[in-house]
Amino acid sequence: MTSALFSAYKINQLELANRIVVAPMCQYSANDGVPSPWHTTHLGMLANSGASLVVVEATGVERRGRITHGCTGIYSDECEDAFARVIAHCKRIGTAKFGIQLAHAGRKASSARPWEGGLGLKPNEDPWQTIAPSAIAPGAAWQAPRAMDEADMAEVREAFVDAAKRSLRAGFESIELHMAHGYLMHSFVSPISNKRNDAYGGSLEGRMRFPLEVLRAVRAVVPKGMPLGARISSTDWMEGGLTGDDSVAWVAAMKDAGLDFVDISSGGVTAEVRTPATPGYNVPIAAQIRRETGIPTRVVGLIATAQQAEDIVAQGKADMIALGRAMLEDPHWAWMAAKQLGAEVKRPNQYLRAAPKMWPGAAYRGNAA
Ligand SMILES: Cc1cc2nc3c(=O)[nH]c(=O)nc-3n(C[C@H](O)[C@H](O)[C@H](O)COP(=O)(O)O)c2cc1C
């Protein structure tokens, strides 16, 4: 049996051993943006998950662009040096390649960690002024952001460029721009959060303008052969918000601007709206975007079983599968999936004695300790 999920894939010039990707997941465990020993442990574990690519969590391109006080950043030499050490370690001990998600939290910045409530920081919790396309809070528990002027936009654009340069120096092999979940870029594109009446608001064309400027500026500094992608919220799941058809136009414009792949997520534009909790809820729009734009497509969202992931790839609904919670639940998810689908996955030498080929009852011989 040949498995589609375990077939090799190439995004731009980056060769991937299979279609399984670890989704970016905030760990809220950094100090002023600097990754900590927790990241070395967490990412080191995922380096041997069997996924071909691990995407490091939403990492702020500037200090005020972090979601929480514990979010990673890549805006200082300390951040860059620490990431370089973590990534070098992961590459030394693991089989996966590493990408980073570059992010600006916009009006959803200055929040508490999830286990501390996840709402906007209170006056005694060292909050900071947030920025956004329009001065509209994401929910009742957040302060109103300041509407950005063109000088702010130039600053944020440069911060993305600097962060991309730092990411390259730190050893990342793929860059994903966070344009989803109600954070700054998505909040420009969505009509729910962008009420501007200048050239950066209004029609979809106006709302896409700033994120496209950021994308073009980043593309200009990322080597031609290196994958540059974006994670998007393909629908706002609310009346008057972004739809799948809008997202086709949005992704097509990004493809024209040099985007190599898209990662399809959804939701997050306001605190009130909930994303569906049905298996593979983003798959239909991902399939539409892949079909109508032809861009290499990754999909995420309640994909949990090996057969489900296999079918999505085999049926041409997406090229890659990103897994979030399933990988936290079982960091060797891909080992189990390979066993179920009759495929091979690279394991570290130290763990080879647990490989299926050694079953059943493989005898310990010679100098087996
Ligand atoms: C602990 C945790 C942290 C997350 N952090 C991020 C993040 O940094 N960036 C992002 O785009 N999505 C983030 N997400 C969303 C996941 O990447 C993923 O899209 C979502 O969990 C749905 O996929 P799943 O059903 O496979 O978990 C996070 C999810 C979890 C559970």
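See above for the structure.
Please read all numbers here as calculations on a predicted model, not as lab measurements.

(A) Expanded view of the overall build of the protein. What the protein contains, in helices and strands, is ten helices and twelve strands. Projected onto its principal axes, the C-alpha positions of the protein cover 75 × 45 × 40 Å. Per-residue burial for the protein yields a buried fraction of 59% across its 369 residues. Counted over contacts in the protein with a minimum sequence separation of 6, partners at least 24 positions apart contribute 72%. Roughly 15300 Å² of accessible area belongs to the protein as shown, and the carbon and sulfur atoms make up 53% of that amount. Of the side-chain charges in the protein, 39 are positive and 37 negative, and the distance between the mean point of each set is 6 Å.

(B) The arrangement of the site of the ligand in detail. Lining the immediate environment of the ligand, one finds 17 residues, of which Cys26, Gln101, Leu302, Gly324 and Arg325 sit closest. Between the ligand and Gly324, the relevant distance is 2.8 Å, taken from an oxygen atom to a main-chain nitrogen or oxygen of the residue. Within the side chain of Arg325, a nitrogen or oxygen atom sits 2.6 Å from an oxygen atom of the ligand. Computed on the free molecule, the ligand has an accessible area of 600 Å², of which 83% lies beneath the protein chains in the complex. Of the residues belonging to the shell around the ligand, the class tally is nine nonpolar, five polar and three charged.

(C) Seen up close, the pattern of salt bridges. One pass over the full model with this rule turns up 17 salt bridges. We note a salt bridge from Glu62 to Arg64, for which the minimum N-O separation is 2.5 Å. Of the charged contacts in the structure, one is a salt bridge between Glu80 and Arg169, with a shortest N-O distance of 2.9 Å. With Glu80 in helix α2 (residues 77-93) and Arg169 in helix α3 (residues 150-170), the pair connects residues that are 89 residues apart, well separated along the chain. On the accessibility criterion, Glu80 (10% relative accessible area) is buried. A relative accessible area of 53% places Arg169 in the exposed class. Several salt bridges converge on common partners, so that one network encompasses Asp77, Glu80, Arg166 and Arg169.

(D) Quick peek at the state of the cysteines. Evaluated as defined, the whole model comprises zero disulfides. No disulfide involves Cys71; its sulfur sits 4.6 Å from the nearest other cysteine sulfur, which is in Cys26. Not part of a disulfide, Cys79 finds its nearest cysteine sulfur in Cys71, a span of 12 Å.

(E) Geometry of the packing of aromatic side chains. All told, the structure shown has four aromatic pairs when counted by the stated rule. Measuring from centroid to centroid gives 5.6 Å for Tyr28 and Trp115, while their planes differ by 90°, and the two rings are edge-to-face. Here Tyr28 is found in the loop between β3 (20-22) and α1 (37-47), whereas its partner Trp115 is found in the loop between β5 (97-103) and β6 (131-132), with 87 residues between them in sequence. A relative accessible area of 18% means that Tyr28 is categorised as buried. A residue is classified by how much of its surface remains accessible, and Trp115, at 57% relative accessible area, is exposed. Ring centres of Phe83 and Phe172 lie 5.7 Å apart, and the angle between their planes is 65°; on these two criteria the pair is classed as edge-to-face. With Phe83 in helix α2 and Phe172 in the loop between α3 and β8 (174-179), the pair connects residues that are 89 residues apart, well separated along the chain.

(F) Quick look at the sheet that holds strand β4 (residues 53-60). Reading around the barrel, the eight strands line up as β3-β4-β5-β8-β9-β10-β11-β12 and close back on themselves, with parallel pairing between neighbours. Strand after strand, the sheet turns through a mean of 25° between neighbouring axes, direction not considered. Sheet analysis places β4 next to β5, joined by seven bridges and oriented parallel. Bridge pairing in β5 places Val56 opposite Ile100. The strands touched by α1 within the sheet are β3, β4 and β5, with β4 carrying the most contacts at an inclination of about 150°.

About the cut-offs
Residues numbered from 1 in each chain as written. Predicted model: local features only at pLDDT ≥ 70, side-chain atom pairs only at ≥ 80, totals over all residues. Heavy atoms only, no water. Helix = DSSP H or I, 4+ residues; strand = E, 2+ residues; numbered from the N terminus. Buried < 20%, exposed > 50% of the residue type's maximum accessible area, 1.4 Å probe, protein only. Contact = heavy atoms within 4.5 Å. Areas by Shrake-Rupley, 256 points an atom, 1.4 Å probe, with all protein chains shown as cover. Lys, Arg positive; Asp, Glu negative; His and termini not counted. Charge placed at Lys NZ, Arg CZ, Asp CG, Glu CD. Near = heavy atom within 4 Å. Polar contact = N/O pair within 3.5 Å; in protein donor to acceptor, adjacent residues only side chain to side chain. Nonpolar A, V, L, I, M, F, W, Y, C, P; charged D, E, K, R; others polar. Salt bridge = Lys/Arg side-chain N within 4 Å of Asp/Glu carboxyl O. Disulfide = S-S within 2.5 Å. Phe/Tyr/Trp six-rings, centres within 6.5 Å; stacked < 30°, edge-to-face > 60°. Pairing = 2+ DSSP bridges. Axes fitted to C-alpha atoms, helices over the stretch in contact; angles between N-to-C directions.

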